[in-house]
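Listed below are the residues making up each chain.
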Amino acid sequence: MNPWAVFLLAAGYLGLLFAIARFGDRRADQGRSIISANVYGLSLAVYCTSWTFFGSVGRAASGGMGFLTIYLGPTLMLMLAPVLLKMIRISKRERLTSIADFIAARYGKRQALAGLVTVIAVIGIVPYIALQLKAIAASLQALFPERGGLSLLGLDATAVIALALASFTILFGTRHLDATERHEGMVAAIAFESIVKLVAFLAVGLFVTYGMYGGFADLFRQAEALPRTAALLDLAQGLGNWGPLVLLSALAIVLLPRQFQILVVENVDESHLRRAVWLFPLYLLLINIFVLPIAIAGLLQGLPGNGDIFVLGLPLSQGREGLALLAFIGGLSAATGMVIVETIALSTMVCNDLVMPALLRVRALDLERRPNLSRLLLNIRRGAIVAILLLGYAYFRAAGEAYALVGIGLISFSAVAQFAPALFGGMYWRQGNRGGALAGLSAGFLVWAYTLLLPSFAKSGWIPGDFVEQGLFGLSWLRAHALFGLTGLDEISHCLFWSLFLNTACYLLFSLFLRPDVVEARQANAFVDVFLRRGGEPSALLWRGKASYQALASLLERFLGAERARLQLQSYARKRGIANLSAREVDAELVRFAEIQLAGALGSASARVVLASVVEEEELGLEEVLHILDEASQVRAYSRELERKSRELEAATGELRAANARLQELDRLKDDFVSTVTHELRTPLTSIRAFSELLAEDPDMAVPERQRFLGIIVTETERLTRLINQILDLAKLEAGRADWTSSEVDLAGLVREAATSLEQLFRDRGVALALECPGEPVPVLADGDRLTQVMINLLSNAVKFAPLREGRVSVQLRPGLDKVQVRVTDNGPGIGPEEKEFIFERFRQGGNTLTDKPKGTGLGLPISLQIVEYFGGRLWVESEPGQGASFIFELPLLASN
């Protein structure tokens, strides 16, 4: 395999990502977003890094089904869609840019808290970035074992790829200053990468399972023959410590900076979350189907190593270099997706919450007088991207060899889990405050560093490892993996227990004993009640002070750029109908707007500090703020009550309107009923009278002629009697006064008898009748005479609409498990969609009422419908114009004893 070909393939793939990202950004600039619900759901698969692509197989090779715990957690977390929706809604309302910004904004927009979260995130995620670089290095080592990996221009291939990823991230992750502006091109590229890594992994899995072996059954049968591989199939053994790992992964899907970036910051439409909650778990299912088969196959083939590179090793062992290259690209996709999004998120946090606050405090730089700082902010973020990737590379070189891929990943998962009490507590508990958040995060981070991070350095030989085995200062209760005497847990579960326990305890205790300040109280109200608010917080009530419009505009220009600041202010004025914004006195709403715009560029904590340089804010007492918030809550509650009553009134009005429309319809039907009945009665009476008068006037009429007239009179009399009986029958049915006699009825025999009674009618019209009934009885509980009436009505309709001399009518009776279906089908003109709506109404018939209305009263179908429904069945029609019609009814079968 030519090394340069691999380099060119990797470069070409990254170039394709450039093209996709460029296209997505260009469409976004044109106002035509390509971010759909499917793209959003696929982009969440950035969770599936090289840990998934390579490390899951390694974990399965050593622990069997235990690898699944890392994917059960995210699936369970996505079931808590209301929690995620609340997080998205808060972030959009507050214009938040990162998880550090989210936590800091909740607890008073303090830079100390934002800085602490950023430090924890960077230190915690650096090992995870090293994991991706280690996976790339290991894959190159597997492709070129004789070369010991590859190098380019004096740099090893991993360093080259790290720099290439930094370039890609800079180009498409820091094009805009506003961190809340969507990186739609990047999201589209990540979604594409998700498809690539899924296809690559499935291709290897299919080859191994069905190419090297005879399928799952054959592979698992061979695995059971060897003790080492048979143990991997033991579900109980593999999921031994599933609880802590499920919790850890459930938190990671939200708290990892890259997941927060994709899930929250990059969300363009809250409705996309509904698709993501099932699409992403489906993706996790698909990408894990072949993990265990690949792990077992690698062990059966005797491949060296811990299993992390079996995905590449198996195709190479069979001479399938093309498949191995596809697997390499899949692994590269898994690693690059994570690195790109993670470094964008971390660089935003580093710039907004560490570097810029420090620079603003250095008076010698005189940043406040610079006319435009937007370029400086972009350069800081770009420098942070490079620095973070270099830190990851340094960790990879120094400590990465001491752990398998999964071990490195779990260290990072445990670090970001420390954000959980402050973040989730802040969303639902008003009393949580900055002191509790700082204390909890500090305690949890220190425990994590002592029990996981420092032992990883000790394992690599960086520092002495006595504190791991003997305890700090020789105190056994301070052993890193048996803190306070807790033994029997693996190092991840041990760290997670103590760090989250102390974190949560400190958060609760300090929050209970410390009082929040004014801004904290306001933010607590905004976060907890975000679903109850329509226009955000009551800014006009909670802010008092003085500000100059020119100072605010100048501040926005310095940090956003003159053009963007001008456009934002014009948009603000246009939405509020203000003709000349500069001539108006600055109010709380404008100050709030300026702060939100600055937050998009600087983060909420730094934005508040910068804004304070040009705004003279009058401090409000905490009691006054709480009183205002209480009054605002009461006003909102009263407003919600008014809205509820308004909705009830609208619903009642709608019901009255519908009832009135129904009454009008009933009145129209009544008129139609009277008109139709009158017409139907008048027609036979007219015939009877006319022919009777002819007979009376001509006593000597010839016998054949007399008999013909008398026959017509008899026929019309029968028609008149039938009409009157049907009207009376329908009236009794609708009034509930009909006589019903229910007994066991053989429906098959009844259908045959009804068809026999109408044989002469079918012969007269030349219509063929096909009967399909089982020979054995089909028992139903019903009134036999009534069901006969239904069958005669349906058969009469069918023969009436079937073509003369060429008609065909079929009757099919099909018993099921608990019900029986009867279908009467003709080859007539069919029924149009508009006719189906009223075909079961009284006096309504198919056909054109002016030209081809068939004979009949139009009462047969409504009577049949009521009879069938009375016996617990249903009657409906299926038809298309020109293709005949099928009238079908179903009845419950009589249970046999």
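Scope of this entry: the structure provided in the associated data block.

Definitions and cut-offs
Residues numbered from 1 in each chain as written. Predicted model: local features only at pLDDT ≥ 70, side-chain atom pairs only at ≥ 80, totals over all residues. Heavy atoms only, no water. Helix = DSSP H or I, 4+ residues; strand = E, 2+ residues; numbered from the N terminus. Buried < 20%, exposed > 50% of the residue type's maximum accessible area, 1.4 Å probe, protein only. Areas by Shrake-Rupley, 256 points an atom, 1.4 Å probe, with all protein chains shown as cover. Patch = residues over 30% accessible without salt bridge, like charges linked within 9 Å, V, L, I, M, F, W, Y side chains within 5 Å. Salt bridge = Lys/Arg side-chain N within 4 Å of Asp/Glu carboxyl O. Contact = heavy atoms within 4.5 Å. Polar contact = N/O pair within 3.5 Å; in protein donor to acceptor, adjacent residues only side chain to side chain. Phe/Tyr/Trp six-rings, centres within 6.5 Å; stacked < 30°, edge-to-face > 60°. Lys NZ or Arg CZ within 6 Å of the ring centre and 35° of its normal. Pairing = 2+ DSSP bridges. Core = buried A, V, L, I, M, F, W, Y, C linked by side-chain atoms within 4.5 Å. 1 Å grid on protein atoms, 1.4 Å probe; cavity = no way out; pocket = protein on both sides within 12 Å on 5 of 7 lines; lining within 4 Å. Points joined across faces, edges and corners; volume = space filled by probe spheres on them. Nonpolar A, V, L, I, M, F, W, Y, C, P; charged D, E, K, R; others polar. Axes fitted to C-alpha atoms, helices over the stretch in contact; angles between N-to-C directions. Expected span 1.5 Å × (residues − 1).

## Focus on the overall build of the protein chain
Each helix and strand counted, the protein chain has 37 helices and eleven strands in total. Residue burial in the protein chain is summarised as follows: out of 897 residues, 52% are buried. About 39,700 Å² of surface is accessible on the protein chain, with carbon and sulfur atoms providing 58% of the total.

## Section: unusual backbone geometry
Notably, Lys-109 is not glycine yet its phi reads approximately 60°, a positive angle. Within the secondary structure, Lys-109 is located in the loop between helix H6 (99–106) and helix H7 (111–143). For Lys-109, a relative accessible area of 5% puts it in the buried group. Even without a glycine there, the phi angle at Phe-484 is positive, about 55°. You can see Phe-484 is positioned in the loop between helix H23 (466–469) and helix H24 (491–513). Residue Phe-484 is classed as partly exposed on the basis of its relative accessible area of 41%.

## Focus: a nonpolar patch on the surface
The grouping of Leu-472, Phe-473, Leu-475, Trp-477 and Phe-484 at the surface amounts to a nonpolar patch, some 530 Å² of accessible area in total. Here Trp-477 shows up in the loop between H23 and H24. Given a relative accessible area of 42%, Trp-477 falls into the partly exposed group.

## Topic: the environment of Gly-882
Position of Gly-882 among the secondary structure elements: in the loop between strand S10 (874–879) and strand S11 (885–892). The exposure class assigned to Gly-882 is exposed, which follows from its relative accessible area of 62%. Excluding its chain neighbours within four sequence positions, the residues that come into contact with Gly-882 are Gly-828, Pro-829 and Gly-830.

## So, the pattern of salt bridges
As enumerated under the stated definition, the model contains nine salt bridges in all. In this structure, the salt-bridge partner of Arg-434 is Glu-520, at a minimum N-O distance of 3.0 Å. Separated by 86 residues along the polypeptide, Arg-434 in helix H22 (residues 434–460) and Glu-520 in helix H25 (residues 518–528) bring together distant segments of the chain. Look at Arg-434 and you get partly exposed, because its relative accessible area is 22%. Between Arg-763 and Glu-759 there is a salt bridge; the shortest N-O distance is 3.8 Å. Taken together, the positions of Arg-763 and Glu-759, both in helix H34 (residues 759–765) and four residues apart, correspond to about one turn of that helix.

## A closer look at the side chain of Gln-132
Examined against the element boundaries, Gln-132 turns out to sit in helix H7. The class for Gln-132 is buried, based on a relative accessible area of 0%. Polar side-chain contacts of Gln-132 include one of 3.2 Å to the backbone oxygen of Tyr-128. The contacts of Gln-132, once residues within four sequence positions are left out, are Thr-49, Ser-50, Ala-334, Ala-335, Met-338 and Val-339.

## What about the packing of aromatic side chains?
Following the criterion strictly, the structure yields 24 aromatic pairs and no others. Between Tyr-47 and Phe-280, the aromatic rings sit 6.2 Å apart at their centres with planes inclined by 90°, giving edge-to-face as the arrangement. With Tyr-47 in the loop between helix H2 (37–43) and helix H3 (50–63) and Phe-280 in helix H15 (residues 272–288), this pair connects stretches of sequence that are 233 residues apart. For Phe-280, a relative accessible area of 0% corresponds to the buried category. Between Phe-445 and Trp-448 the ring centres are 5.6 Å apart and the planes differ by 25°, which places this aromatic pair in the stacked class. Within this pair, Phe-445 and its partner Trp-448 are both found in helix H22, separated by three residues, close to a single helical turn. Of the two residues, Phe-445 and Trp-448, both sit in the buried class. By way of ring pairs, the aromatic residues Tyr-47, Trp-51, Tyr-71, Tyr-128, Phe-280 and Phe-413 are connected into one cluster. Over the face of the ring belonging to Trp-876 we find Arg-874, whose NZ or CZ atom lies 3.8 Å from the ring centre.

## Some points on the pairing of strand S7 (residues 779–782)
Alternating residues of S7 divide into Val-780 and Ala-782, all buried, and Pro-779 and Leu-781, none buried. In terms of strand pairing, strand S5 (residues 743–746) meets S7 through four bridges, oriented antiparallel. Looking across to S7, one finds that Ser-743 is bridged to Ala-782.

## Some points on the pairing of strand S9 (residues 819–826)
Within S9, six of the eight residues are buried, leaving the element largely enclosed by the surrounding structure. The pairing of strand S8 (residues 808–815) with S9 spans seven bridges and is classified as antiparallel. Looking across to S9, one finds that Val-811 is bridged to Val-824. Taking the residues that link successive antiparallel strands as the turn, the S8-S9 hairpin has three residues. With eight bridges joining them, S9 and S11 adopt antiparallel strand pairing. Residue pairing for S11: Val-822 is matched across the bridge by Phe-889.

## As for the nonpolar core
With 167 residues, the main nonpolar core has Tyr-47, Leu-255, Ile-294, Phe-419 and Phe-424 as its most contacted residues. In terms of residues, this core owes the most to one element, H7, which gives 18 residues. In this structure Leu-255 touches Ile-99, Val-416, Ala-417, Phe-419, Ala-420, Leu-423 and Phe-424, once residues within four positions along its chain are discounted. Ranked by size, the runner-up nonpolar core spans 43 residues in total, among them Ala-754, Val-780, Val-822 and Phe-840.

## Remarks on empty space enclosed by the protein
This model, assessed by the stated rule, comprises two cavities of 30 Å³ or more. Of the voids in this model, the second largest cavity is the one considered here, and its volume is about 30 Å³. In terms of residue class, the lining of the second largest cavity is built from four nonpolar, one polar and no charged.

## Focus: the sheet that holds S9
The strands that make up a sheet pair up through hydrogen bonds in the backbone, lying either parallel or antiparallel. Across the sheet, five strands lie side by side as S6-S8-S9-S11-S10; this open sheet has mixed pairing. Edge positions in the sheet fall to strand S6 (768–772) and S10, since each of these pairs with one other strand and no more. Put simply, the sheet's adjacent strands are angled 15° from each other on average, direction ignored. Of the strands in this sheet, S6, S8, S9 and S11 touch helix H35 (residues 784–801), which is tilted by about 25° from S9.

## Brief notes about H35
In this model H35 runs 26 Å from its N-terminal to its C-terminal C-alpha over 18 residues, within 8% of the 26 Å that 1.5 Å per residue would give. Within the sequence span of H35, burial applies to Arg-786, Leu-787, Val-790, Met-791, Asn-793, Leu-794, Leu-795, Asn-797, Ala-798 and Val-799.

## A few points about the environment of Phe-467
Its location among the elements puts Phe-467 in helix H23. C-alpha of Phe-467 to C-alpha of Tyr-450: the two residues are 17 residues apart in sequence and 9.2 Å apart in space. Every residue in contact with Phe-467, bar those within four places of it in the chain, is listed here: Tyr-450, Leu-454, Pro-455, Ala-458, Leu-472, Leu-478, Arg-479 and Ala-480.

## Observations concerning the environment of Pro-281
When you line up the elements, Pro-281 lands in helix H15. A relative accessible area of 16% places Pro-281 in the buried class. Distance from Pro-281 to Pro-74, taken between C-alpha atoms, is 7.7 Å for residues 207 residues apart in sequence. Setting aside chain neighbours within four positions, we find Pro-281 in contact with Thr-75, Leu-78 and Ala-276.

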